[in-house]
Structure formats: structure tokens, C-alpha cells
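Listed here are the chains, written in short residue letters.
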Amino acid sequence: MQEHTHVLFVEDDDVIREATQLALERDGFAVTAMPDGLSGLEAFRADRPDIALLDVMVPGLDGVSLCRRIRDESTVPVIMLSARADSIDVVLGLEAGADDYVTKPFDGAVLVARIRAVLRRFGHAGHPERGGADGPADTDGVLVFGELEVDTEGMEVRRAGQPVALTPTEMRLLLEFSGAPGTVLSRDKLLERVWDYGWGGDTRVVDVHVQRLRQKIGQDRIETVRGFGYKLRG
């Protein structure tokens, strides 16, 4: 993580907003804190932060809608903050393009760890091992799976010759699959490799991102293996 990483924090609760801003600043982050979604969107467009923390329930423009607006304009990492772990708002936020979420009330150290984990994977997508003799065609770092081409060096994806726009998290996920086509990857393993979780995490994060990835590269390209996880069809 670079020094003075700029965080946009949108939270309508004055106490949580001020306390979290101070905690993040003590850890070396530069923080722009906004009390509602509309001012948060204005701040995002004006400042172009390195990462956005968005509370789901904020006035004016709710966090899910704000996330969707940000994702329309940028691939900047987004973490949603939700008061309930079982809330449908969590899934809605992930479907809107968020990369992760943290449940409130949260420990400051946990929030910082999650921010740093997201920033690490956005800074370096990683290059998994390529397929062997029985794996996908590989020409100068380009893996080919039918009409899908994954350039592991240039970090580009094409489907039927057309470029596919992926967020860094989606790209990391696809690289894990394309590095081991035909191999079942469990949700826990994907959480560890893609989301950098050294502890148990919510597998809904994986499921929603797989569904988003399927929409972009083809619904039948990633197969669900019930009770085990997912695999990429070669």
C-alpha cells in the first residue's frame, strides 16, 4: 500500500464517520468523509480516490446506487458497509459492483486489514501457473478456451474477438480459473487466493462475483460443482 492512499468514506452517522476517519488517518490514509450519497458522488468525481467505503443506508443516493454509479465510471475498488450480515443489501451491493463488504459494527483493525487486502490485489493481479500439455492453448501468455482469450501478460480478455471489460477482482478470479482449467476450486480457496482472506469469509462474495463473471464471459464457461465449488471448462 502506498503512503497516503486516498479513501472516500460515505457514512451518515456522525459518530461513526468521525471516529472511522480518525482511525484511518492514524493508519496513514488520507480520508474524504461525506454524509450522503450525492455529496459522495461529487467527491468521487472531483478527487478520484484510490478506494471507496460506502455505507448501504445513506440518504440522498443510497450506497448500492452510489456503487453502481461509481462502477459505471471506474474500476476503483469499493467496499460496502452493512449493519446486517444477512441483509439482502449485501448481495445487492456486490451485484452493483462492490468488491467486498464489512459488517457494522466493525473493528477498526479489521476494516484496515480488509482495505489493505483489496488494495494489494488491485495493485497486482497476479500470474497463476499456465496450463500444461493437456491445458489450454497458450501463445505468448494468451490462454484460449473456445471463443474466450485470456492474456495473462497484458491483463486483457476477449470473447469472440471482442474485448471484455473486467474489474480487477473479476480479472483475479478469472486468472485463478484459467490457471487450472477443469480443476474444481472451492469457495474457501478462492476467498484465500482472490480476496486474500487468511480467515473464513462469506462465500456470497465468491458466488456473486462468479455470476458477474459468467455474464461477461459466457454463462456456460464456469461450471458449478455442487457441494465443492466451481471450475472453468476448457
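Anyway, here's the lowdown on the structure attached to this text. (Residues numbered from 1 in each chain as written. Predicted model: local features only at pLDDT ≥ 70, side-chain atom pairs only at ≥ 80, totals over all residues. Heavy atoms only, no water.)

Let's talk about the sheet that holds strand S2 (residues 30–34)
And step 1. The five strands are arranged S2-S1-S3-S4-S5 in an open sheet whose pairing can be described as parallel. Among the strands making up the open sheet, the edge pair consists of S2 and strand S5 (100–103). Mean inter-strand twist for the sheet, computed between neighbouring axes without regard to direction, equals 20 degrees.
And step 2. Pairing analysis gives four bridges linking strand S1 (residues 6–10) to strand S3 (residues 51–55), with the strands arranged parallel. Residue pairing across strands places Val-7 opposite Ile-51, the latter belonging to S3.
And step 3. Where helix H5 (residues 108–123) meets the sheet, it contacts S3, strand S4 (78–82) and S5, and its direction lies at approximately 175 degrees from that of S5. (Pairing = 2+ DSSP bridges. Helix = DSSP H or I, 4+ residues; strand = E, 2+ residues; numbered from the N terminus. Axes fitted to C-alpha atoms, helices over the stretch in contact; angles between N-to-C directions. Contact = heavy atoms within 4.5 Å.)

Remarks on the nonpolar core
Nonpolar side chains in soluble globular proteins tend to be buried together.
And step 1. Leu-54, Met-80, Val-150 and Phe-177 are the most contacted members of the largest nonpolar core, which has 49 residues in total.
And step 2. Broken down by element, this core gets its largest block of residues, six residues, from helix H8 (residues 204–217).
And step 3. Setting aside anything within four residues of it in sequence, one finds Leu-54 in contact with Val-10, Gly-63, Leu-66, Cys-67, Ile-70, Val-78, Ile-79, Met-80 and Leu-81.
And step 4. Judged by nonpolar contacts, the second largest core, of 16 residues, contains Leu-24, Val-31, Ile-79 and Val-102. (Core = buried A, V, L, I, M, F, W, Y, C linked by side-chain atoms within 4.5 Å. Buried < 20%, exposed > 50% of the residue type's maximum accessible area, 1.4 Å probe, protein only.)

Here's the deal with the pairing of strand S11 (residues 222–225)
And step 1. Judged from the four bridges that link them, S11 and strand S12 (residues 229–232) form a sheet pairing that is antiparallel. The residue bridging Glu-223 from the neighbouring strand is Lys-231, located in S12.
And step 2. Counted along the chain from S11 to the antiparallel partner S12, the turn is three residues long, and its residue Gly-227 has a positive phi close to 85 degrees.

Regarding the packing of helix H6 (residues 168–178) against H8
And step 1. It is the contact of H6 with H8, at a shortest axis distance of 10 Å, that shows an interaxial angle of 85 degrees. One way to sum up the angle between H6 and H8 is to call them roughly perpendicular. Residues Thr-169, Glu-170, Leu-173, Leu-174 and Phe-177 of H6 lie in contact with H8, whose contacting residues are His-209, Val-210, Arg-212, Leu-213, Lys-216 and Ile-217.
And step 2. Among the residues forming the contact of H6 with H8, the class breakdown is six nonpolar, two polar and three charged. (Parallel < 35°, antiparallel > 145°, perpendicular 65-115°, else oblique. Nonpolar A, V, L, I, M, F, W, Y, C, P; charged D, E, K, R; others polar.)

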